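# Fold and geometry: a report
Single-letter residue listing:
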Amino acid sequence: MPSPTSIAATIRRIPRGKVSTYGAVARAAGYPRGARLVARVLRGAFDLPWQRVLGAGGEIKLQGEFAAEQRFRLRSEGVTFCGRRVDMKQHEFHFSKPKKKKSRRRTGRR
DNA sequence: AAGATGACGCCCG
DNA sequence: CCGGGCGCCATCT
């Protein structure tokens, strides 16, 4: 059951040294079109690893000092940048999306 | 209730 | 690469 809470929980799953995007987090949390909701949650909950959430393509969407702060914190976690953007192919975190499919119990038993 | 706004995403020229 | 415009969703005035 989707709710802002799941969004926050999803963001908390991002491990240190990894990053994700608004869209990806939204989808992982069950909001295919909720990129903006993710942004809202980040604003309201300052107790999350907000620095690990970036815009599409790994771009920092913040402005001014906050952008610098985010860059600094990410670099401190070992995240590398490709110019203005984060090197996604190296740090993008892939969420596991729980689908309605039942998990295969013991694949290929025998 | 209608319009404007915002840590967004994506398509077009 | 950059700017502009439209679509999404929830909240605020």
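Data block above holds the structure.
Here is what the cut-offs are and how they apply
Residues numbered from 1 in each chain as written. Chains lettered and ligands numbered in written order. Predicted model: local features only at pLDDT ≥ 70, side-chain atom pairs only at ≥ 80, totals over all residues. Heavy atoms only, no water. Near = heavy atom within 4 Å. Polar contact = N/O pair within 3.5 Å; in protein donor to acceptor, adjacent residues only side chain to side chain. Nonpolar A, V, L, I, M, F, W, Y, C, P; charged D, E, K, R; others polar. Salt bridge = Lys/Arg side-chain N within 4 Å of Asp/Glu carboxyl O. Helix = DSSP H or I, 4+ residues; strand = E, 2+ residues; numbered from the N terminus. Buried < 20%, exposed > 50% of the residue type's maximum accessible area, 1.4 Å probe, protein only.

Let us now look at the protein's contact with DNA strand B. Not every one of the 13 residues close to DNA strand B is listed here, only the nearest: Tyr22, Arg36, Trp50, Ala56 and Lys61. Sugar and phosphate atoms represent 38% of those atoms of DNA strand B found within 4 Å of the protein. Here Arg36 contributes a side-chain N or O atom positioned 2.7 Å from a base nitrogen of DNA strand B. A distance of 3.0 Å separates a phosphate oxygen of DNA strand B from a polar atom in the backbone of Ala56.

This paragraph deals with the protein's contact with DNA strand C. The environment of DNA strand C is formed by Arg33, Arg36, Leu37 and Arg40. Counting only atoms of DNA strand C within 4 Å of the protein, the fraction found in sugar and phosphate groups is 53%. Between Arg36 and DNA strand C, the recorded distance is 3.0 Å, taken from a side-chain N or O atom to a base nitrogen. In terms of residue class, the surface near DNA strand C is made up of one nonpolar, no polar and three charged.

All right, on to the pattern of salt bridges then. This structure, assessed with the given rule, holds four salt bridges. For Asp47, the salt bridge is made with Arg12, and the minimal N-O distance between the two is 3.5 Å. Taken together, the residues Asp47 in the loop between α3 (35-44) and β2 (53-54) and Arg12 in helix α1 (residues 4-12) connect sequence positions 35 residues apart. Owing to a relative accessible area of 58%, Asp47 belongs among the exposed residues under this scheme. Two residues, Glu69 and Arg73, come together in a salt bridge whose shortest N-O distance is 3.9 Å. With a gap of four residues between them, Glu69 and Arg73 both fall in helix α4 (residues 65-76), about one helical turn apart. With a relative accessible area of 34%, Glu69 lands in the partly exposed category.

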